[in-house]
Every structure is written in structure tokens, then in C-alpha cells.
Amino acid sequence: MKENIMIIGASGQIGSELTLRLRDMYGAGHVFATDLKEPAPDILESGPFELLDVMDDKRLIHFAIRHKITQIYHLAAVLSGNAEKLPMQAWHINMNSLLNVLDLAREVEDIRKVFWPSSIAVFGPTTPKNNTPQLTIMEPNTVYGISKLAGERWIEYFYNRYGVDTRSIRYPGLISYKTEPGGGTTDYAVEIFYQAIKHGRYECFLDGDTTLPMLFMTDAIDATVKLMESDASSLSLHTGYNIGGLSFNPEELAAEIRKYIPGFTITYKTDFRQDIAATWPASIDDSVARRDWGYQPEYDLARLTRVMMEKIKEKLNK
Ligand code: NAD
Ligand code: AKB
């Protein structure tokens with residue numbers, strides 16, 4: 001059966017790269033990008049795009065039927081930093097958008113798989129901080145984390161109750177050069193490169209020793225596609241899979257950047273996002289993802305920094 005894939009939130013940090021990868025794999029005409037806002041020109045030019053609000057359940061169902069959609073990647077959400085500014089609105093968007101998509105998949109027979117990203121934000125202050133296990137104490141105290149944990153319970157419920165093939169990854173902070181991040185706590189690890197190249201200095205909103213799990217976008221996209229392509233029989237989980245990769249703090253990232261910009265300085269002025277980061281893991285045990293579907297990240301901190309420096313310089317010089 002030919003796949004027709006719908007991406008919701010295609011203009012964001014992940015969607016702007018995932019859409020292009022899926023178009024390479026499935027053919028541009030089979031990957032339908034949607035978002036509330038216009039995407040980058042390469043997405044507009046390489047295949048179908050439509051402005052669509054995921055909260056509009058009627059348009060969603062018409063869209064899915066009209067394009068004979070078989071898989072959905074639902075990426076639209078309010079991220080951790082922005083969610084703390086408007087908690088009720090963030091809860092409404094994060095939960096009801098997911099329920100709209102799950103209900104759509106339950107009703108429309110052609111839709112066979114749904115990908116919805118979870119986050120390391122599902123963990124909280126009582127979770128073991130180092131090498132955080134797949135199954136552990138989860139008492140998140142941010143609205144974003146609570147919505148991700150509730151979302152994980154819902155996707156598993158739809159799998160068990162209605163047979164919707166839901167798949168999910170608990171992404172760590174994602175680092176990329178194409179599209180800037182959309183209001184999270186790990187955003188510093190992208191901002192720092194732009195500020196270092198433009199001004200030779202950066203004022204960080206997290207403390208220098210705040211170690212968090214991070215991943216380069218190429219590894220995140222590879223993991224997503226690998227999970228979605230895996231045989232259903234190999235998957236032992238239909239909640240979010242832990243994936244690790246890198247763990248570093250602002251001080252260590254700054255030291256790596258200094259290899260390219262020796263005079264680079266970092267100063268610290270923490271805000272509410274430090275309190276969020278303090279509740280998240282420092283490193284992740286991803287042995288279940290490695291076992292079930294062969295997760296294997298490739299970028300270390302040195303390689304990630306080299307690519308980010310090169311690509312952001314190129315982008316700023318254009
Ligand atoms: P982003 O903020 O960059 O992109 C989200 C996109 O969703 C935006 O383009 C936005 O316009 C769109 N959107 C918002 N409301 C919408 C609506 N009502 N209808 C349609 N589109 C809407 O986010 P991202 O970083 O690409 O994250 C995508 C998903 O991955 C989210 O669920 C996020 O929680 C999760 N995630 C991201 C990271 C990360 O570091 N980027 C880490 C963990 C989990
Ligand atoms: C955020 O910081 O909100 C995201 C995430 C880790 O979920 N990058």
C-alpha cells in the first residue's frame with residue numbers, strides 16, 4: 001500500500017527537517033506538510049503544504065480523507081518555556097490537539113500509524129537524575145511535562161483500546177541549524193552558536209553546571225524514521241522510548257566553541273527555565289530503544305559543534 005503522510009507542525013524546528021527526509025523516502029507528492037504558519041521555502045517548493053490548525057477537528061478529518069492519509073506525525077505543541085507563561089492555554093493545545101489526532105486515527109481506517117513526540121520533560125525532581133531508566137518515578141512539575149506524561153498515557157490507551165499503532169520518543173534537547181527552536185528550556189544550546197558567531201559572547205539563562213541530555217537533529221530524525229519503519233512485532237512499548245546521546249552543560253559547550261572562537265565568553269543570568277532544567281535528567285538510559293529498534297546516535301559534542309559552527313556561519317554570511 002502506498003503511504004500518504006501528514007505532518008502537523010511542519011514549519012517548526014523538527015518538522016522543517018523531518019518533512020524533507022520523509023519526502024526523500026516516500027516521494028514529495030506523498031508527504032503533506034501542514035502548520036499554522038508558512039514553512040521555509042524548501043518545504044513550500046518541494047511538495048504540498050497547507051495552512052491548517054490541528055485544533056480544528058472538522059478540517060482535520062476532511063484533510064485526512066481528501067488526501068487518503070495513512071500516517072500522521074503530530075509535532076505541534078507549546079514547549080516548556082512558553083508553556084509556563086500560559087499554563088492553561090498550553091495544556092489545552094498540547095492535550096486537545098493530541099486527542100483530535102488520536103480520535104481521527106481511530107475513526108479513519110486508512111490511518112495506520114501515528115507518531116507523537118514525548119520529551120525528557122516527562123521526568124521530574126523525584127526521578128533518578130543519572131542514566132534515567134525507561135521505567136521509573138515520573139512526577140513532572142511543569143505544565144509541559146505533565147502534558148507529555150498524560151499524552152504518553154493516552155497514546156498507549158489508544159493502542160490498547162482501539163489498535164491505533166502509536167509510536168513515540170522522549171526527545172532530549174535537540175540541536176539544529178536550520179530552524180531555530182520554539183520556546184524550550186534547552187534552546188540555549190542553539191542560541192549560544194548564533195551569539196558566539198555574531199558577537200563573541202553569550203548570556204546564558206541556565207547555570208554553567210546544568211547538565212542536560214541533548215541530541216543533534218540528524219540523529220533525532222534518523223531515530224524517528226527508524227522507529228516508524230520498525231516492524232510492529234519488535235516494539236515492546238507504545239509510550240515514549242527513552243533516547244540518549246549526549247550530555248553536557250553550558251560550561252562544556254562554551255569550552256568546545258572556544259576551539260573555534262578563542263575569545264568567546266559566556267556569562268550567566270538564570271531565569272525560570274533554570275528551575276525547569278533542575279528537575280530534568282542529566283543522562284538517559286536508552287537500552288530499550290537500542291534493543292527494540294536499533295537506536296544508535298552518531299554525533300558527539302565535537303562533531304556537533306563543528307557542524308553547527310560551519311552551517312550557522314554559512315547561514316549568517318548569506
Ligand atoms: P516548534 O515549536 O519548533 O514547532 C511546532 C510547530 O507547531 C510550529 O511551527 C507551530 O507553528 C506549529 N503549531 C503550533 N500550534 C499549532 C496548531 N494549533 N496547528 C498547527 N500547527 C501548530 O517545536 P519542535 O521543536 O519542532 O517540537 C515538535 C514536537 O517535538 C513537540 O511536540 C515538542 O514538544 C517535541 N519535542 C521537541 C524537542 C526539541 O528540543 N525541539 C524536544 C522534546 C520534544
Ligand atoms: C524543551 O526544552 O521544552 C524541549 C524539550 C526537551 O522538550 N526542547
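Draft legend 1. Inspection of the overall build of the protein at higher detail. A tally of helices and strands in the protein yields twelve helices and 13 strands. Taking 2.2 N^0.38 as the reference for a compact globule, 318 residues should give roughly 20 Å; the C-alpha atoms of the protein span a radius of gyration of 19 Å, in line with that estimate. Overall size of the protein, expressed as C-alpha extent along the three principal axes, is 60 × 45 × 40 Å. Taken over 318 residues, the protein has a buried fraction of 55%. Summed over all atoms, the accessible surface of the protein reaches about 13600 Å², with 50% contributed by carbon and sulfur. Measuring between centres, the 34 positive side-chain charges of the protein sit 3 Å from its 42 negative side-chain charges.

Draft legend 2. Quick peek at the domain arrangement of the protein. Domain boundaries in the protein define domain 1 (5-171 + 216-242) and domain 2 (174-214 + 245-283 + 299-317). Between the C-alpha centres of domain 1 and domain 2 the distance comes to 25 Å. Contacts between domain 1 and domain 2 engage 33 residues on the former and 28 residues on the latter. Contact between domain 1 and domain 2 buries roughly 2400 Å² in total, counting both sides, with carbon and sulfur atoms accounting for 61%. Taken together, the links from domain 1 to domain 2 amount to one salt bridge. Note that Lys178 is salt-bridged to Asp42, the shortest N-O span being 3.0 Å. Between the two partners, domain 1 and domain 2, sit 17 residue pairs in polar contact (both at pLDDT 80 or more). Only α1 (15-26), α2 (41-46), α4 (80-85) and α8 (217-229) provide two or more residues apiece to the side of domain 1 that touches domain 2. Top element by residues in the side of domain 1 that touches domain 2 is α4. It accounts for five residues. Here the residues of the side of domain 1 that touches domain 2 are counted per class, giving 13 nonpolar, 14 polar and six charged.

Draft legend 3. Quick peek at the packing of helix α7 (residues 188-199) against helix α9 (residues 250-257). It is at 11 Å that the axes of α7 and α9 come closest, and there the two elements cross at 35°. α9 is crossed by α7, and the crossing has right-handed handedness. For the pair formed by α7 and α9, the contact residues are Tyr188, Ala189, Ile192, Phe193 and Ala196 on the first element and Pro250, Leu253, Ala254 and Ile257 on the second. Residue composition of the contact of α7 with α9, grouped by class: nine nonpolar, no polar and no charged.

Draft legend 4. Here's a closer look at the packing of α1 against α8. At a closest axis distance of 10 Å, the pairing of α1 and α8 adopts a crossing angle of 50°. By the angle class used here, α1 and α8 are oblique. Here α1 and α8 pass one another in a crossing that is right-handed. When α1 is examined against α8, the residues Glu17, Leu18, Arg21, Leu22, Met25 and Tyr26 are found in contact with a partner set consisting of Met217, Thr218, Ile221, Asp222, Thr224, Val225 and Glu229. Residue composition of the contact of α1 with α8, by class: seven nonpolar, two polar and four charged.

The rules behind these values
- Sequence order as written defines the numbering, with residues in each chain counted from 1.
- Each chain takes a letter, starting from A, and each ligand takes a number, starting from 1, following the order in which they are written.
- The predicted nature of this model means local features are confined to residues of pLDDT at least 70 and side-chain atom pairs, given and counted, to a pLDDT of 80 or more, with totals for whole chains, interfaces and linings taken over all residues.
- Working from all heavy atoms in the structure, the side-chain values ignore hydrogens and water.
- Secondary structure is summarised from DSSP: a helix means a run of H or I of at least four residues, a strand means a run of E of at least two, and numbering begins at the N terminus for each.
- A radius of gyration in this sense is built from C-alpha atoms; the matching globule rule multiplies 2.2 Å by the number of residues raised to 0.38.
- Residue burial is assigned from relative accessible area. The probe radius is 1.4 Å, only protein chains are included, and a residue is buried under 20% of its type maximum, exposed over 50%, and partly exposed in between.
- Accessibility throughout is a Shrake-Rupley quantity obtained with a 1.4 Å probe, and a residue counts as covered only by protein chains that appear here.
- Only four residue types enter the charge count, namely Lys and Arg as positive and Asp and Glu as negative; His and the chain termini do not.
- Charge placement uses NZ in Lys and CZ in Arg. For Asp and Glu, CG and CD serve respectively.
- Throughout the structure description, domain borders are defined by an automatic or database domain assignment.
- Should any heavy atoms of two residues lie within 4.5 Å, those residues are counted as being in contact.
- Accessible area that two parts lose when put together, evaluated with a 1.4 Å probe and summed over both, is termed the buried area.
- Salt bridge, as used here: a side-chain nitrogen of Lys or Arg that lies within 4 Å of a carboxyl oxygen of Asp or Glu.
- We call two N or O atoms a polar contact when they sit within 3.5 Å, provided that within protein one can donate a hydrogen and the other can accept it, with sequence-adjacent residues counted only if both atoms are side-chain atoms.
- Three categories are distinguished: nonpolar for Ala, Val, Leu, Ile, Met, Phe, Trp, Tyr, Cys and Pro, charged for Asp, Glu, Lys and Arg, and polar for the others, with Gly belonging to the last.
- The axes used here are C-alpha line fits, helices contributing only the stretch in contact, and every angle between their N-to-C directions lies in the interval 0 to 180 degrees.
- Crossings are classed by handedness, with left-handed meaning an anticlockwise turn of the near helix from the far one by less than a right angle and right-handed meaning a clockwise turn.
- Roughly parallel here means an angle under 35 degrees, roughly antiparallel means over 145, roughly perpendicular means 65 to 115, and every remaining angle is called oblique.

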